[in-house]
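# Topology and contacts: notes
Take a look at the letters that make up each chain.
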Amino acid sequence: MDTQSGHLVDITLPSASVIIAIDPFHPVASFIQGLSVQSHPFDDFEVIVVDSIWRPSLWEAIESAKASTGGALCCHYAVIDKAGRAALNNHGVGLSRSDLIVFVSNDFIFNPGCLSAHICFHRGHGGREAVGIGPALFSDDFRHRSPFMRWIEDSGNLFGYSFSRDDPAMFPDNFFGVYNTSINKDFLLSAGGFDEDFTFAAWEDLECGKRLEADGMQVHLIQEAEAIHDHDLSFSE
């Protein structure tokens, strides 16, 4: 109940807040394809997209995805006058209503069960320091036509671990990135969030991970939380 007005209000909070910081050098809206087909109930999660400039095409893609779910998908598009993935993700965390944060790269497409896998993992691992990491793999089409993409994925040079070849039992216990990652909001904030002195989409998550590790971070690979990495990566990048 709203104690000031005396009216009954819905105070149910979502089980997860999905945060997407738009990369200005690769401002694709791939993520919306996966989030609009999640098997998890739409009324139990929210999506917060944060950008440094207004992109009409992105807004249209979000509105189209919301319409495709009959308006059930709760997705907010926020634009702030700051540069850098650190600032965008910090802003998204500030807007979030859930205790569970799920970070997703804007060029990742969640499989339909990805979000449920993250949520179920944290319900089963109630520890505040638990962090879930989902695999991310290039599409078969990208791998077939690009020897470079096969090499950078299979070698582990892209993320520091090869989701396509490495033994899951050997997953690094200090791995942290903002690609396909779930974390307790209070744990992240207690470590200070992301350092906004990093003004590009790189290294700020690694640095944050070092602080989280010092605070007792427990990293787990969630095999069921798989996403497609929808980025036609070139050698020049």
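The rules behind these values
- Residues numbered from 1 in each chain as written.
- Predicted model: local features only at pLDDT ≥ 70, side-chain atom pairs only at ≥ 80, totals over all residues.
- Heavy atoms only, no water.
- Pairing = 2+ DSSP bridges.
- Helix = DSSP H or I, 4+ residues; strand = E, 2+ residues; numbered from the N terminus.
- Axes fitted to C-alpha atoms, helices over the stretch in contact; angles between N-to-C directions.
- Phe/Tyr/Trp six-rings, centres within 6.5 Å; stacked < 30°, edge-to-face > 60°.
- Buried < 20%, exposed > 50% of the residue type's maximum accessible area, 1.4 Å probe, protein only.
- Polar contact = N/O pair within 3.5 Å; in protein donor to acceptor, adjacent residues only side chain to side chain.
- Contact = heavy atoms within 4.5 Å.
- Salt bridge = Lys/Arg side-chain N within 4 Å of Asp/Glu carboxyl O.
- Expected span 1.5 Å × (residues − 1).
- Arc of directions from axis to C-beta.

The subject of this paragraph is the sheet that holds strand 1 (residues 16-21). The seven strands are arranged 3-2-1-4-8-6-9 in an open sheet whose pairing can be described as mixed. Two strands lie at the open edges of the sheet, namely strand 3 (75-79) and strand 9 (218-221), each paired on one side alone. Direction aside, neighbouring strands of the sheet carry axes that sit 20° apart on average. The pairing of strand 4 (residues 100-104) with strand 8 (residues 180-184) spans five bridges and is antiparallel. Pairing of phenylalanine 103 across the sheet is with threonine 181, part of strand 8.

With that settled, the discussion passes to the packing of aromatic side chains. Tallying each qualifying case throughout the model produces 13 aromatic pairs. Relative to tyrosine 179, the ring of phenylalanine 159 lies with its centre 4.8 Å away and its plane at 50°, an arrangement referred to as tilted. Residue phenylalanine 159 is found in the loop between helix 6 (147-155) and strand 8, and its partner tyrosine 179 is found in the loop between helix 6 and strand 8; the two are separated by 20 residues along the sequence. Phenylalanine 159 gets classed as buried once you look at its relative accessible area, which sits at 16%. Grouping aromatic residues by their ring pairs yields a cluster made of Phe108, Phe159, Tyr161, Phe163, Phe171, Phe175 and Tyr179.

Strand order in the open sheet formed by three strands is 5-10-7, with mixed pairing between adjacent strands. Two strands in the sheet have a free side with no partner beyond their single neighbour: strand 5 (108-110) and strand 7 (136-138). Neighbour-to-neighbour, the strand axes of this sheet turn through a mean angle of 35°, independent of strand direction. Pairing of strand 7 with strand 10 (residues 227-229), which is carried by three bridges, proceeds in the parallel orientation. By the bridge assignment for strand 10, alanine 136 is matched with alanine 227.

Structurally, glutamine 38 can be placed in the loop between helix 1 (31-35) and strand 2 (45-51). Look at glutamine 38 and you get buried, because its relative accessible area is 6%. From its side chain, glutamine 38 meets the backbone oxygen of asparagine 111 in a polar contact 2.9 Å long. Excluding its chain neighbours within four sequence positions, the residues that come into contact with glutamine 38 are Phe45, Phe110, Asn111, Pro112, Gly113, Cys114 and Leu115.

Let us look at the pattern of salt bridges. Enumeration over the complete set of coordinates arrives at 15 salt bridges. Between arginine 97 and glutamate 46 there is a salt bridge, with its nearest N and O atoms 3.2 Å apart. Residue arginine 97 is found in the loop between helix 3 (85-95) and strand 4, and its partner glutamate 46 is found in strand 2; the two are separated by 51 residues along the sequence. Between glutamate 153 and arginine 143 there is a salt bridge whose closest N-O contact spans 2.6 Å.

A positive phi angle, near 75°, is found at tryptophan 203, a position not held by glycine. Examined against the element boundaries, tryptophan 203 turns out to sit in the loop between helix 7 (185-190) and helix 8 (204-214).

This part covers helix 4 (residues 114-124). Counting buried positions along helix 4 gives eight out of eleven residues, so the element sits mostly inside the fold. If you check which residues of helix 4 are buried, you get Cys114, Leu115, Ser116, Ala117, His118, Ile119, Phe121 and His122.

Over its 13 residues, helix 2 (residues 56-68) extends 18 Å from the first C-alpha to the last, a length consistent with the 18 Å expected when each residue adds 1.5 Å. Listing the buried residues of helix 2 in full gives Leu58, Ile62 and Ala65. Across the axial projection of helix 2, the buried residues extend over an arc of 65°, all falling on one side. Those residues of helix 2 that are exposed and angled more than 90 degrees off the buried face are Ser57, Ala67 and Ser68. Those residues of helix 2 that are buried lie in contact with helix 1, strand 2 and strand 3. In the segment just after helix 2, glycine 70 is the residue with positive phi, at about 70°.

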